[in-house]
Structure formats: structure tokens, C-alpha cells
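What follows is the residue order along each chain.
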Amino acid sequence: MQCRCRKIIITRRVVNNLGDPVLREICYLLMAGFGLKYVRFRLKLPSLVFEMFIDEIKRLLFEAGLEAKRA
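Everything numeric here is computed off the predicted structure, so don't read it as measured data.

Here's the deal with the overall build of the chain
When helices and strands are tallied, the chain shows four helices and zero strands. When the elements of the chain are put in sequence order from the N terminus, they spell out α-α-α-α. The C-alpha radius of gyration of the chain comes to 12 Å, within 12% of the 11 Å expected for a compact globule of 71 residues. Along the first, second and third principal axes, the C-alpha set of the chain runs to 35 × 20 × 20 Å. Counting every position in the chain, which comprises 71 residues, the buried fraction comes to 25%. Charge centroids of the chain, computed over 14 positive and 7 negative side chains, lie 8 Å from each other.

Shown next, in the form of C-alpha cells:
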């Protein structure tokens, strides 16, 4: 349980430091439990652009010491 709380704290710190509002909105929606398809549909983003945002989120989390996996 302690490890999970630590991961949540690190993730929130990374998200709060994001400068791009679209990237931040994607993270907030994903952390709220919405799926990738719904988030892309809600923000009306083309597939390639959305994938670039997801890759950037993964990179930022990896730099913070977390590995993001697709469920």
C-alpha cells in the first residue's frame, strides 16, 4: 500500500508541473479513470496527435521513476 501511495504522489507531482494545458487535461481525465478512447473522443484530438501526447506523458513518468503501462 505504501508503494502505491508513493506512485500516486509522484504522478500528481509530475502532472502539476506540466505546462501544456492539453497534456494536463489528458492526465487529469486518465487519473479520473476514463479510458484512452473516451479521452481522445472528448478532447476531439486526431489519433497521431493523441499518441504523441501519450508518449510524452509516458516519457515524463519514466523520468520521474515510474513505468506507465497500457491496461
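Focus on helix H2 (residues 21-31)
Of all the residues in H2, the buried ones are Leu23, Ile26, Cys27 and Leu29. Relative to the axis of H2, the buried residues are bounded by an arc of 165° and lie together on one face. Count one or two residues on from H2 and you reach glycine 33, which has phi positive near 105°.

Quick word on the nonpolar core
If you look at soluble globular proteins, the nonpolar side chains tend to sit buried side by side. Counting residues in each nonpolar core, the largest one holds 17 residues, and the members touching the most others are Leu18, Leu23, Ile26, Phe50 and Ile57. Counting residues per element, the ones that place at least two in this core are helix H1 (2-16), H2 and helix H4 (47-63). No other element matches the six residues that H4 contributes to this core. Setting aside anything within four residues of it in sequence, one finds isoleucine 57 in contact with Leu23, Ile26 and Cys27.

Quick look at a nonpolar patch on the surface
Together, Phe34, Tyr38 and Phe41 make up a nonpolar patch on the protein surface, roughly 340 Å² of accessible area in all. Looking at where tyrosine 38 falls in the secondary structure, it is placed in helix H3 (residues 36-43). In this structure tyrosine 38 comes out as partly exposed when scored by relative accessible area, which is 37%.

Some details on the packing of H2 against H4
Two quantities define a packed helix pair, namely the angle between the axes and the distance from one axis to the other. Put simply, H2 and H4 touch, their axes get as near as 10 Å, and they point 75° apart. In this view, H2 runs roughly perpendicular relative to H4, as classed from their interaxial angle. Residues Val22, Leu23, Ile26, Cys27 and Leu30 of H2 form the contact with H4, whose own contacting residues are Phe50, Phe53, Ile54, Glu56, Ile57 and Leu60.

Observations concerning the environment of leucine 29
Examined against the element boundaries, leucine 29 turns out to sit in helix H2. By relative accessible area, leucine 29 is classed as buried at 6%. Separated by 38 residues in the primary sequence, leucine 29 and glutamate 67 place their C-alpha atoms 19 Å from one another. Leave out the neighbours within four places in its chain, and leucine 29 touches Phe34, Val39, Arg42 and Leu43.

Rules used throughout
Each chain has its residues counted from 1, following the order in which its sequence is written. Note on the predicted model: pLDDT of at least 70 is required for a residue's local features to be given, and 80 or more for side-chain atom pairs to be given and counted; whole-chain, interface and lining totals, by contrast, use all residues. The basis for the side-chain values is all heavy atoms of the structure; hydrogens and waters are excluded. Each helix corresponds to a stretch of at least 4 residues labelled H or I by DSSP, and each strand to a stretch of at least 2 residues labelled E; elements are numbered beginning at the N terminus. C-alpha atoms define the radius of gyration, and 2.2 Å times the number of residues to the power 0.38 defines the globule rule. Under the scheme applied here, a residue whose accessible area is under 20% of the maximum for its type counts as buried, over 50% as exposed, and between as partly exposed, the area being computed with a 1.4 Å probe on protein chains only. Residues scored as positive are Lys and Arg, those scored as negative are Asp and Glu, and His as well as the terminal groups of each chain are ignored. In this description, the location of a charge corresponds to atom NZ of lysine, CZ of arginine, CG of aspartate or CD of glutamate. Throughout, the arc means the angular range of directions from the helix axis out to the C-beta atoms. Definition used in this section: a nonpolar core is a set of buried Ala, Val, Leu, Ile, Met, Phe, Trp, Tyr and Cys residues joined via side-chain atoms within 4.5 Å. Residues are treated as being in contact if the distance between any of their heavy atoms lies within 4.5 Å. Candidates for patches are residues over 30% relative accessible area with no salt bridge; among them, like charges are joined within 9 Å and nonpolar side chains (Val, Leu, Ile, Met, Phe, Trp, Tyr) within 5 Å. Surface accessibility in these figures is a Shrake-Rupley result with a 1.4 Å probe; residues are shielded only by whichever protein chains are displayed. Between Lys or Arg on one side and Asp or Glu on the other, a salt bridge is scored when a side-chain nitrogen of the former is within 4 Å of a carboxyl oxygen of the latter. Axis lines are fitted through C-alpha atoms, for helices just across the contact stretch, and the angle between N-to-C directions can take any value from 0 to 180 degrees. To sort the angles, those under 35 degrees are grouped as roughly parallel, those over 145 as roughly antiparallel, those from 65 to 115 as roughly perpendicular, and the leftovers as oblique.

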